[in-house]
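# Close look at the chain arrangement
Each chain is listed here by its residues.
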Amino acid sequence: MQSTQYTQNGKKARRAAVAVVATATVALLATACGPGNDESGATAAPSAPVTASTVPGAKPPAATTPAGTAKPSTPPAAPATGSAAPGTAAPGCTAGELKADAHRAAKRPEGTGTGAAIVAFTNSSGHPCTLQGFPTVAGAANGSPDHNAPMAVTHTGSATPVLLAPGGKAWVKLTFVQVQGEADGYCVSGATPVTYPTLVLGLPGAGAHQVALDDGQFAQCDNKVTTTPLLATSPS
């Protein structure tokens, strides 16, 4: 009986030992396979988050405003204005866009005739336009400008484009062969002085314009005139 009891006690002891060993083995396996351990049991470093700097060729994400909307990387283009592009020329003035008036020049040859006159051309349109060149000149009565007497014209100076803003002006100075003496006067050449109530000036590309003096008539000799080109400033 005693021998049998010892045998049973030995079996219980072996079962307890096996249970302890099994429990220890499970614990070791759980420790070896837990987070942060590879198959060799070494602790692995935590993986870094993927960002644009770690991915070749990737672009950084756009910055965001406090409201959470994407912020553009470049500012939006400014709206175009209605101004003309640099170097864009204004169109030529037309005959209907110009008004002409004339007055006696302050600086003129000595004598008793007109001597010299300033003719101004005003842009009466609502947009800029240009004039350039020398006028033709003809004497005329107060009637139709087509009934005129062309004058021999001599040019002085160089012609350049003149830009006329709305209401702007361009000028020419006409210098005549002066009448001498009193009363009807005389011409040094021996010709008879001629008086015209109006002149007709033809402008390159801008039509013909009939103009009268603001204080009299155009009295001159030899039917000759010297003219400046159209100018941006008024001569004297």
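Keep in mind that this is a model prediction, so the values were computed, not measured.

A few words on the sheet that holds strand β11 (residues 207-212). Pairing is antiparallel across the open sheet formed by four strands, whose spatial order is β5-β4-β10-β11. Both outer strands of the open sheet, β5 (148-150) and β11, are each paired with one neighbouring strand and no more. Direction aside, the axes of adjacent strands within the sheet are offset by 30° on average. Of the pairings in the sheet, the one linking strand β10 (residues 198-203) to β11 comprises six bridges and is antiparallel in character.

It is worth spelling out the packing of aromatic side chains at this point. This model, assessed by the stated rule, comprises one aromatic pair. Both rings, one in F176 and one in F218, keep their centres 6.2 Å apart while their planes meet at 55°; by these two values the pair is tilted. Within this pair, whereas F176 is found in strand β8 (residues 169-177), its partner F218 is found in strand β12 (residues 218-227), the two being separated by 42 residues in sequence. Each member of the pair, F176 as well as F218, is classed as buried.

Moving on to the state of the cysteines. Evaluation of the coordinates by the stated rule reveals two disulfides. C93 shares a disulfide with C129; S-S distance 2.0 Å. For the disulfide bridge between C93 and C129, the dihedral angle about the S-S bond is near 85°, and by the sign convention the bridge is right-handed. Of the two residues, C93 sits in the loop between α1 (2-32) and β1 (98-104) while C129 sits in strand β3 (residues 129-131), which places them 36 residues apart along the sequence. Per residue, the accessibility class of C93 equals that of C129, and both read buried.

Turning next to the pairing of β12. Relative to β12, strand β6 (residues 152-155) runs parallel, the two sharing four bridges. In the sheet register, T154 faces β12, and the bridge partner there is T226. Where β8 and β12 come together, four bridges link them in antiparallel fashion. Bridging across to β12, T175 finds its partner in T226. Of the pairings in the sheet, the one linking strand β9 (residues 194-196) to β12 comprises three bridges and is antiparallel in character. For V194, the partnering residue across the bridge sits in β12 and is Q220.

Thresholds, definitions, all that
- Residues numbered from 1 in each chain as written.
- Predicted model: local features only at pLDDT ≥ 70, side-chain atom pairs only at ≥ 80, totals over all residues.
- Heavy atoms only, no water.
- Pairing = 2+ DSSP bridges.
- Helix = DSSP H or I, 4+ residues; strand = E, 2+ residues; numbered from the N terminus.
- Axes fitted to C-alpha atoms, helices over the stretch in contact; angles between N-to-C directions.
- Phe/Tyr/Trp six-rings, centres within 6.5 Å; stacked < 30°, edge-to-face > 60°.
- Buried < 20%, exposed > 50% of the residue type's maximum accessible area, 1.4 Å probe, protein only.
- Disulfide = S-S within 2.5 Å.

Such coordinate-based values are descriptive only and should not be taken to indicate function.
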